[in-house]
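# Survey of secondary and tertiary structure
Listed below are the residues making up each chain.
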Amino acid sequence: MDRFIIEGGHRLTGEVAVGGAKNSVLPIMAAALLTDEEVVIRRVPRLRDVASQVKVLQSLGARVLHDEKQGILRIRCDDETPITAPYELMKTMRASICVLGPLLAKRKRARVSMPGGCVIGVRPIDLHLKGMEGLGATLDVRAGYVEASSPRLRGNTLFLGSSAGSTVLGTANVVMAATLAEGETLLENAAQEPEVVDLCHVLAKMGAQIDGIGSHCLRITGVDKLHGVDHAVIPDRIEAGTFAIAAAMTKGDLTVRGCQPRDLLALIERLRAAGCDVATGADWLRVAAPRRLRPIDVTTLPHPGFPTDLQAQLMALLTTADGISMIHERIYPDRFIHVAELHRMGARIRKEGATALVEGVAKLSGAPVMASDLRGSAALVLAGLAAEGETTVDRVYHIDRGYERIDERLRLLGAKIERRAGESQALSMAAGAGG
Ligand code: EPU
């Protein structure tokens, strides 16, 4: 397993461009199952999760051409006989559950393994199932598989919500299923994340009839057939946000290009509250940080609230703010595995249920730490960049699931970070799950 060796204390300066959004690409790839025409996806980042989703689609009869250099995927599903998405492939990635809705809508039957468990907490799929049942599917959960069938899904009025609010992939699944259902589906409490909006735009380009895109209420009128599409996915707001926090953390001055600052308003507002200078244009943002940051309070919420996918990185930042900050995690109450590793670097964090109190220290000190989930590993890398001395981040395959060549790109900005190859890749592949 690869690891990163980081020499801390170097400011990040210059410019960095963000890639396409992982959490857009993965459901859009699943949408290719809704048509037998070619689906072309552009701006595809080179990530492990994309490679895993390619395997899932191939197991479902899709022909996939992946031009990794150009970031283009060409997917065509002319063999519609397979209906099983096997555990071996599904366990590596949560987003693979998105094949359920399209399979059911197009092939009338689906046998989909429950997706992999993830260290960020319990991640049920009850709302996905409730949505499919609401559209008239017959469901059975047996031996770790969801078995679903319906001669033709029927539109319905559905409310999809948990105590944490809306569901991103649940919304994606139900919207995809409803595009080919008979009649009208009214989906209340739909997720408004930019990645869901991106998927809806793709489906609309494929011929789906969806009103209310970007709102909490989607009205989907089923059609008989969807056709091919050529689409460039939106920029990755979480990657952009991670670089922005990295700039603040290293007292740097960084311009993040090719992003959509309007998707990051909650982060921008919190960075300003902490004392950072943040300037924005239509597709860029620039972050410059003072020597000491002010403490702030943050609550993670569904979009447009502060994203849970930036909570760990923001916590790393606040470990060296001038006072006590409070972080309340409303989406995944157990998404705090990074806390123990940050402690190893000298951070002072007290966790009470879903709340963490972060008491800023003068400086973090480099230490050997272990990555255990995607965003938590990003937080450890940021902490290492700002710490005094050397930090080793073990098991960086987690970070490779969601950030393309992060080490090379950080080096270009002035970071001292090196990747060292470790033990067998096979082990690392087997261990990763989440997203
Ligand atoms: N929930 C349920 N039942 C369900 C589905 C969700 O109770 O059937 C709950 C979850 O337990 C959680 C809340 O609803 O408390 C929201 O979960 P959601 O379904 O929105 O999460 P997701 O769709 O599985 C996506 C992202 C995550 C991101 C969350 C929240 C992808 C591939 N994954 O997951 O991204 O944290 O939305 O924004 O889009 C990551 O990229 O690192 C990552 C984990």
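The shown structure was predicted, so the numbers you read here are calculated from the model rather than taken from an experiment.

Looking only at helices and strands, the protein has 15 helices and 24 strands in total. Each principal axis of the C-alpha atoms in the protein carries an extent, and together these give about 65 × 40 × 40 Å. Across the 435 residues that make up the protein, the buried fraction comes to 59%. If you take every contact in the protein between residues at least 6 apart in sequence, the share linking residues at least 24 apart comes to 74%.

Another point: the pairing of strand 23 (residues 390-394). Taken together, the four bridges between strand 1 (residues 3-7) and strand 23 define a ladder with antiparallel strand orientation. In the strand pairing of strand 23, I6 is matched with T391. In the sheet, strand 22 (residues 368-370) pairs with strand 23 via three bridges, with the strands oriented parallel. Bridged to P368 within strand 23 is T392. Handedness of the crossover is the feature at issue here: the chain leaves strand 22, passes through helix 12 (residues 374-386), returns alongside strand 23, and the resulting connection is right-handed.

To continue, consider the nonpolar core. Formed by 74 residues in total, the largest nonpolar core has its most connected members in M29, V99 and L203. If near-sequence neighbours (up to four positions away) are discounted, V99 is found in contact with A30, L33, V56, L57, L60, A85 and V112. Counting 73 residues, the second largest nonpolar core, distinct from the first, contains V358, L380, I406 and L410.

Checked against the element boundaries, E195 lands in helix 7 (residues 194-205). Here E195 falls in the buried class, since its relative accessible area comes to 6%. E195 has contacts with N23, S24, I234 and R237, leaving out every residue within four places of it along the chain.

Moving on, we come to the packing of aromatic side chains. Across all of its chains, the model carries zero aromatic pairs by this definition. The aromatic ring of Y145 is capped on one face by R111, whose charged end is 4.0 Å from the ring centroid.

Any two side chains of opposite charge can pair if their charged atoms end up close together. What the rule picks out here adds up to 29 salt bridges. Residue D36 pairs with K225 through a salt bridge whose shortest N-O separation is 3.6 Å. Of this pair, D36 sits in the loop between helix 1 (22-31) and strand 3 (39-42) while K225 sits in the loop between strand 13 (217-221) and strand 14 (229-232), and the two are 189 residues apart along the sequence. The class of D36 is partly exposed, set by a relative accessible area of 33%. Here E404 ties to R46 by a salt bridge, and the two come within 3.8 Å at their closest N and O atoms. Residue E404 is found in the loop between helix 13 (397-400) and helix 14 (406-412), and its partner R46 is found in the loop between strand 3 and helix 2 (48-59); the two are separated by 358 residues along the sequence. A relative accessible area of 16% places E404 in the buried class. Relative accessible area serves as the criterion here: at 39%, R46 is assigned to the partly exposed category. Bridged by salt links that share partners, the residues D2, D400, D407 and R419 form one connected network.

Right, let's talk about the confidence of the model for the protein for a bit. Residue-level pLDDT values for the protein average 94, and 96% of them are 70 or greater. Across residues 424-433 the pLDDT falls below 50, and counting only partners more than four positions away or on other chains, this stretch makes 18 contacts in the model.

Thresholds, definitions, all that
- Residues numbered from 1 in each chain as written.
- Predicted model: local features only at pLDDT ≥ 70, side-chain atom pairs only at ≥ 80, totals over all residues.
- Heavy atoms only, no water.
- Helix = DSSP H or I, 4+ residues; strand = E, 2+ residues; numbered from the N terminus.
- Buried < 20%, exposed > 50% of the residue type's maximum accessible area, 1.4 Å probe, protein only.
- Contact = heavy atoms within 4.5 Å.
- Pairing = 2+ DSSP bridges.
- Right-handed = clockwise from strand over helix to strand, strands pointing away.
- Core = buried A, V, L, I, M, F, W, Y, C linked by side-chain atoms within 4.5 Å.
- Phe/Tyr/Trp six-rings, centres within 6.5 Å; stacked < 30°, edge-to-face > 60°.
- Lys NZ or Arg CZ within 6 Å of the ring centre and 35° of its normal.
- Salt bridge = Lys/Arg side-chain N within 4 Å of Asp/Glu carboxyl O.
- pLDDT = per-residue confidence, 0-100.

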